[in-house]
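One-letter residues, chain by chain:
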Amino acid sequence: DGSGAWQPLLLLVPLRLGLDAIDTAYVPFLQGLLKLPQSLGIIGGRPRKSFYFVGYQQDKLLYLDPHEVQPALGGGNIRGHVPGHVPGDMQGDVTIDVASCHFTGGVRSVPFNEIDPTLAAGFFCKDARSFDALCCSCTSLGASCLAAFSVSESPPDYEARLSDGDDDDDPDLVVVGPNV
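Computed from a predicted structure; not experimentally measured.

Quick word on the overall build of the protein chain
- Of the regular secondary structure elements, the protein chain holds 3 helices and 6 strands.
- Walking the protein chain from its N terminus toward its C terminus, one meets helices and strands in the order β-α-β-β-β-β-β-α-α.
- A total of 180 residues make up the protein chain; the buried ones form 26% of that total.
- Long-range contacts, defined as pairs at least 24 residues apart, comprise 63% of the intrachain contacts of the protein chain with a sequence gap of at least 6.

Quick look at the structure:
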């Protein structure tokens, strides 16, 4: 809004953690991300299947399947929560069967080594303090195991690296831009 005031932040970090399968060296980092208070989980899956990973237990990710069809609510006796219903109107009571609410038959899990290497980690930071804590936590986590991403105060200065004349360090580095 231009005022400089903090706005809540939904941060999605796309990751590619292997070629055909996930490199299991990243598993401790992913486990650490899922423990963070700002974590919303991880979007990923298996080939031709999408999952929402919400946690883990030992070497398995716990997930929800966003494609699973759930029954509609019906029955029960909860009033005043439906558009058009007038609270206190006993003639128009709305009934909802809370017992029929979206529960699956059991916890679903998949081993880390069976998921597709393309993922997106999600985080929510309600204020600047939460964002700073997330950055510190990710940096600390990356220092203790193989990091899937890094946190920096500013973007890398690729042009300075190219202008120093030392192109031999990374022959695959190509900077594309209007002044290159």
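Notes on helix α1 (residues 27–35)
- When you tally the buried positions in α1, you get 7 out of 9 residues, the bulk of the element.
- Within α1 the residues assigned to the buried category are Val27, Phe29, Leu30, Gln31, Gly32, Leu33 and Leu34.
- Taken together, the buried residues of α1 touch β2 (39–46), β3 (49–57), β4 (60–64), β6 (118–125) and α2 (128–144).

Rules used throughout
Residues numbered from 1 in each chain as written. Predicted model: local features only at pLDDT ≥ 70, side-chain atom pairs only at ≥ 80, totals over all residues. Heavy atoms only, no water. Helix = DSSP H or I, 4+ residues; strand = E, 2+ residues; numbered from the N terminus. Buried < 20%, exposed > 50% of the residue type's maximum accessible area, 1.4 Å probe, protein only. Contact = heavy atoms within 4.5 Å.

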